[in-house]
Amino acid sequence: MSRDLLGDMFGALATDRQEAARAALRQVAGRRSISSLSSVSGGASGAAIFRAEIEGRSYLLRVEGAELPGLPRNPHRHECARLAAEAGIAPAIRRLDETSGVMVTDFVEAQPLEAFPGGELALAQALGELVRRVQSGPAFPPLVDYLELMERRLAGLVASGRFVAGVLDPYGERLAAIRLARQDEPPSLAPSHNDPNRGNILFDGQRLWLIDWESAYRNDPFVDVAIMLDSLATGPAFEAGLLEAWLGRSPNATDRRRLELARSLARLYMACFLLDIGPAAAAASAVDAPDPADVRRAIIAGRLAPGTPETAQALGRVYLSGFLTGEPLPGLAAFRFRLI
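Scope of this entry: the structure provided in the associated data block. All figures in this text were calculated on a predicted structure; none of them were measured in a lab. (Residues numbered from 1 in each chain as written. Predicted model: local features only at pLDDT ≥ 70, side-chain atom pairs only at ≥ 80, totals over all residues. Heavy atoms only, no water.)

**A word on empty space enclosed by the protein**
Per the stated rule, a full pass over the model turns up three cavities of 30 Å³ or more. As a volume, the largest cavity reaches approximately 50 Å³. In terms of lining residues, the largest cavity is bounded by Arg182, Glu185, Pro187, Asp220, Arg258, Leu261 and Ala262. It is helix 9 (residues 253–275) that contributes the most residues to the lining of the largest cavity, three residues altogether. Taken together, the residues that form the lining of the largest cavity break down as three nonpolar, no polar and four charged. (1 Å grid on protein atoms, 1.4 Å probe; cavity = no way out; pocket = protein on both sides within 12 Å on 5 of 7 lines; lining within 4 Å. Points joined across faces, edges and corners; volume = space filled by probe spheres on them. Helix = DSSP H or I, 4+ residues; strand = E, 2+ residues; numbered from the N terminus. Nonpolar A, V, L, I, M, F, W, Y, C, P; charged D, E, K, R; others polar.)

**Looking at the packing of aromatic side chains**
The description of two aromatic rings rests on the distance between their centres and on the angle between their planes. With the rule as written, the count across this model stands at four aromatic pairs. A ring pair is formed by Phe116 and Phe203, whose centres lie 5.1 Å apart and whose planes are at 55°; its orientation type is tilted. Within this pair, whereas Phe116 is found in the loop between strand 5 (102–106) and helix 4 (119–135), its partner Phe203 is found in strand 7 (residues 201–203), the two being separated by 87 residues in sequence. Phe203 shares its class with Phe116; the two are buried. (Phe/Tyr/Trp six-rings, centres within 6.5 Å; stacked < 30°, edge-to-face > 60°. Buried < 20%, exposed > 50% of the residue type's maximum accessible area, 1.4 Å probe, protein only.)

**Thoughts on the nonpolar core**
Within the largest apolar cluster, 77 residues are counted, with the highest numbers of intra-cluster contacts made by Leu127, Phe163, Leu175, Leu208, Trp213 and Leu320. Broken down by element, the residue count for this core peaks at 12 residues, all from helix 9. Ignoring anything within four residues of it in the chain, the contact list for Phe163 reads Leu157, Leu168, Leu275, Ala283, Ala284, Ala286, Val287, Arg317 and Leu320. Of all hydrophobic cores here, the second largest spans 18 residues; its members include Val28, Ala29, Val63 and Val102. (Core = buried A, V, L, I, M, F, W, Y, C linked by side-chain atoms within 4.5 Å. Contact = heavy atoms within 4.5 Å.)

**Some thoughts on the pattern of salt bridges**
Per the stated rule, a full pass over the model turns up 22 salt bridges. The closest approach of N and O atoms between Arg263 and Glu239, which form a salt bridge, is 3.2 Å. Note that Arg263 is positioned in helix 9 and Glu239 in helix 8 (residues 236–247), a separation of 24 residues in sequence. No difference in accessibility class separates Arg263 from Glu239, as the two residues are buried. (Salt bridge = Lys/Arg side-chain N within 4 Å of Asp/Glu carboxyl O.)

What follows is the structure in structure tokens.
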């Protein structure tokens, strides 16, 4: 493939990253020729993602996007991605330039998770086993206390002007109650992906992979499980299957309490992330979360479109309400992160 064609594909990248992307592909290709390069839709990280064909083999080229406002880059992301790849949890890394944030990995030809052999229960068990592999693998570096991070995120949402003063007070009270509960049962820490939503879990027809290790560090092990369940669980049987495969036993009362706390914190993270998308309108006098089933119907009917601030705001309010109430979020599992 000529430099001009690569330049056309990389035209939206910053100049230094264009050069780093070309160099990474050339190093992986060696004497082989690059037959095609195509753009691949990404997730919420803002990375530019491409599929490269090099003499019958497919590779994924990932170029990090700009640092998001208020979200400093995780300094351990590349180390965690490398450890996960070496453990066979993430696709093999063929080239990594930490300075430019350019990475080339094997490409996973993903199939729908619904095609997983054995149906939903088998998928739930495989997901639980996947989390257990992550958390029993090589140690990740620590980065931040997850509860303290949520306290900062909620404070940022309060200060954003998106809600009238006092509207979010009950959410601060809920967070304070979680802090008290965690003092009684402080979490142990384990290697954690911290964003194992549906979009970051790939099924290649035989096994599951985890991708996008931007948020990985040592964390409360229940956080990964909570995110998976909110993103994928279809009911109590699915949740039970995942938990038992992860724990290697049936969950006890302590496990349930820790899961509830982790689920609340993970929902608050999602709420703050989603509500920060798009310009702030006039301050709202209430959260006014839509019914999750109504959101699902609006998505199916096309009234809420992927990637729009309106969709992000609707989902953000659903997650904010779920943080406060702890109620299930029915109907959203199949859509999370396909919409932002």
